[in-house]
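Residue strings, one per chain:
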Amino acid sequence: KEFEKNYSEFGGQYLLTMLAYFLRRMIQKPKSSSDFMRQKIESQKKNFPIEKIKGLYQEIIETDFKIKQGLIEEKLALTFLI
């Protein structure tokens, strides 16, 4: 239900970009963010091993490629990804 709401409001490319941004921030520490944000990211990182984060990031890149090449419909690809 939440996916449908966000997909219709923001679109698929935005959701894919935000997923990649979230994972990238977990891998690479942000330089110019508040202490609160750094602590929030660190607490989220405890739930995911670094290899899992890298694997998810790779899946996002592959999904984006498949969508842009027309190999899979955008909404279906995002549904599989999520």
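Residues numbered from 1 in each chain as written. Predicted model: local features only at pLDDT ≥ 70, side-chain atom pairs only at ≥ 80, totals over all residues. Heavy atoms only, no water.

Considerations on the overall build of the chain
So, point 1. Counting its regular elements, the chain contains five helices and zero strands.
So, point 2. Sequence-ordered secondary structure for the chain, helices as α and strands as β, is α-α-α-α-α.
So, point 3. Dimensions of the chain along its principal axes, counting C-alpha atoms only, are 40 × 25 × 20 Å.
So, point 4. Across the 82 residues in the chain, those meeting the buried criterion constitute 26%.
So, point 5. Within the chain, residue pairs in contact and separated by at least 24 positions form 56% of the contacts whose partners lie at least 6 positions apart.
So, point 6. About 6,200 Å² of surface is accessible on the chain, with carbon and sulfur atoms providing 57% of the total.
So, point 7. Separation between the mean location of the 15 positive side-chain charges and that of the 11 negative ones in the chain comes to 7 Å. (Helix = DSSP H or I, 4+ residues; strand = E, 2+ residues; numbered from the N terminus. Buried < 20%, exposed > 50% of the residue type's maximum accessible area, 1.4 Å probe, protein only. Contact = heavy atoms within 4.5 Å. Areas by Shrake-Rupley, 256 points an atom, 1.4 Å probe, with all protein chains shown as cover. Lys, Arg positive; Asp, Glu negative; His and termini not counted. Charge placed at Lys NZ, Arg CZ, Asp CG, Glu CD.)

Considerations on the packing of aromatic side chains
So, point 1. Summed over all chains, the structure comprises two aromatic pairs.
So, point 2. Considering the side-chain rings of Phe3 and Tyr7, the 5.7 Å spacing of their centres and the 35° angle between planes classify their relative orientation as tilted. Of this pair, Phe3 and Tyr7 both sit in helix H1 (residues 2-10), four residues apart, roughly one helical turn.
So, point 3. In this structure Tyr7 comes out as buried when scored by relative accessible area, which is 17%. (Phe/Tyr/Trp six-rings, centres within 6.5 Å; stacked < 30°, edge-to-face > 60°.)

Observations concerning helix H4 (residues 50-68)
In an α-helix there are 3.6 residues to a turn, and that puts residues three or four apart on one side.
So, point 1. With 19 residues, H4 should reach 27 Å at 1.5 Å per residue; the first-to-last C-alpha distance of 27 Å fits that figure.
So, point 2. Inspection of H4 places Ile53, Ile60, Thr63, Asp64 and Ile67 among the buried residues, and these make up the whole buried set. Buried residues along H4 cover an arc of 100° about the axis, so they all sit on one side.
So, point 3. Lining the buried residues of H4 we find helix H2 (12-27) and helix H5 (74-81).
So, point 4. Immediately downstream of H4, the backbone of Gly70 shows phi near 80°, a positive value. (Expected span 1.5 Å × (residues − 1). Arc of directions from axis to C-beta.)

With respect to the packing of H2 against H5
For any two helices packed against each other, one specifies the inter-axial angle together with the distance between the axes.
So, point 1. Running from N to C, H2 and H5 cross one another at 30°; their axes reach a closest spacing of 10 Å. On the basis of the axis angle, H2 is roughly parallel to H5. Relative to H5, H2 is oriented so that their crossing is left-handed. Of the residues in H5, those touching H2 at Gly12, Gln13, Leu16 and Leu19 are Glu74, Leu78 and Leu81. (Axes fitted to C-alpha atoms, helices over the stretch in contact; angles between N-to-C directions. Parallel < 35°, antiparallel > 145°, perpendicular 65-115°, else oblique. Left-handed = near helix turned anticlockwise from the far one by under 90°.)

Digging into the nonpolar core
So, point 1. In terms of nonpolar packing, the biggest core is built from 14 residues, with Phe3, Tyr7, Leu16, Ile60, Leu78 and Leu81 touching the most fellow members.
So, point 2. Elements represented by at least two residues in this core include exactly H1, H2, H4 and H5.
So, point 3. Per element, the largest residue contribution to this core is five residues, and it comes from H2.
So, point 4. Setting aside its immediate chain neighbours within four residues, Tyr7 contacts Gly12, Leu15, Glu73, Glu74, Lys75 and Leu78. (Core = buried A, V, L, I, M, F, W, Y, C linked by side-chain atoms within 4.5 Å.)

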